[in-house]
Amino acid sequence: MKILDKITLILFSMIILILAVIMSLLVFGWVTPTVVLSVYGKIVASNVVSNTILGVSGVCIVLALKAIFFGGNWNTDNGINGEGILLENESGKLLISKETIENLVNGVAKGFENTQSVTTKVIIDSQNTLRVFVTLMVLPNTVINELSMNLQSRIKEVVKSVTDLEIKSIDIKIKNITTSEENKEV
C-alpha cells in the first residue's frame, strides 16, 4: 500500500470515528443537539479553522471519488491481482501471466520421455514469488526421485532463462504410473 493510501485511510478512519462517537452520544441522550451545534459553531467561528475544515473536506471528497471509481487499480506496482507478474523497466511494462508460466512448465515436463498427462498450477503470492505445482503420470520403470529432481532443475532453468523470474518452490505430485495399454490410448 502506498503512503498516500495509508494516510488517506488513517484520515478517513479518524473522521468516521469522530462522527460515530458524536452520533452515539446523541442517540443515547448523553449530549443534546444544541451542545453539538454550539461546539460546532465555536469551532467554525474562526476563519482559519473553517478554511482548514473546508480543505480537509475537499480532499476527502476527491479521495472518496478516486476510491469509488479507481479503487481496484491502485496496486499495479509489481503484480496484478495474482494473475501475473508485472515487470517494469525504462522502456515500459511487461505482464507475464500465470498461464504463460504454466504453459512453459508444461512444455518442459512433457519434454521428459517418462512423463504423461501433465497439469500445472502456478501461484503468485503477495511478494511476487512463484510457487509451481506439477501433477503428472509416469511410465512404468521410471525412477521417480531422479525424474523429479531433473524436472525441478530443468523447470527452474527454463523459467529463469525465458522470463528472468525465480521460482521459490516446485512441488511435484505423481498421480499414477501408467500401464502399457494406457500409453497406447494417450
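Quick summary incoming for the structure in this document. Since this is a predicted model, take the numbers as computed values, not measurements.

### With respect to helix 5 (residues 144–163)
- Look at helix 5: 28 Å from first C-alpha to last across 20 residues, which is about the 28 Å you get at 1.5 Å a residue.
- Residue D164 follows helix 5 closely and has a positive phi angle near 65°.

### Here we look at the nonpolar core
- If you look at the biggest cluster of nonpolar residues, it comprises 23 residues, and the most contacted ones within it are L130, V134 and I155.
- At the level of secondary structure, the elements contributing two or more residues to this core comprise helix 4 (98–110), strand 3 (115–124), strand 4 (130–138), helix 5 and strand 5 (167–177).
- Among residues more than four places away in sequence, those in contact with I155 are V105, V108, V134, I167 and I170.

### Here we look at the pattern of salt bridges
- Evaluated as defined, the whole model comprises 4 salt bridges.
- Residue E157 pairs with R154 through a salt bridge whose shortest N-O separation is 3.3 Å. Taken as a pair, E157 and R154 lie in helix 5 at a separation of 3 residues, close to a single helical turn.
- The class for E157 is partly exposed, based on a relative accessible area of 43%.
- Each of K160, D164 and E166 takes part in one network of salt bridges that share partners.

### Describing the pairing of strand 4
- In the sheet, strand 3 pairs with strand 4 via 8 bridges, with the strands oriented antiparallel. Within the sheet, the bridge partner assigned to K121 lies in strand 4 and is F133.
- The hairpin turn running from strand 3 into strand 4, its antiparallel successor, is 5 residues long, and N128 in that turn takes a positive phi close to 60°.
- Relative to strand 5, strand 4 runs parallel, the two sharing 9 bridges. Residue pairing in the sheet places M137 in a bridge with N176 of strand 5.

The rules we used
Residues numbered from 1 in each chain as written. Predicted model: local features only at pLDDT ≥ 70, side-chain atom pairs only at ≥ 80, totals over all residues. Heavy atoms only, no water. Helix = DSSP H or I, 4+ residues; strand = E, 2+ residues; numbered from the N terminus. Expected span 1.5 Å × (residues − 1). Core = buried A, V, L, I, M, F, W, Y, C linked by side-chain atoms within 4.5 Å. Buried < 20%, exposed > 50% of the residue type's maximum accessible area, 1.4 Å probe, protein only. Contact = heavy atoms within 4.5 Å. Salt bridge = Lys/Arg side-chain N within 4 Å of Asp/Glu carboxyl O. Pairing = 2+ DSSP bridges.

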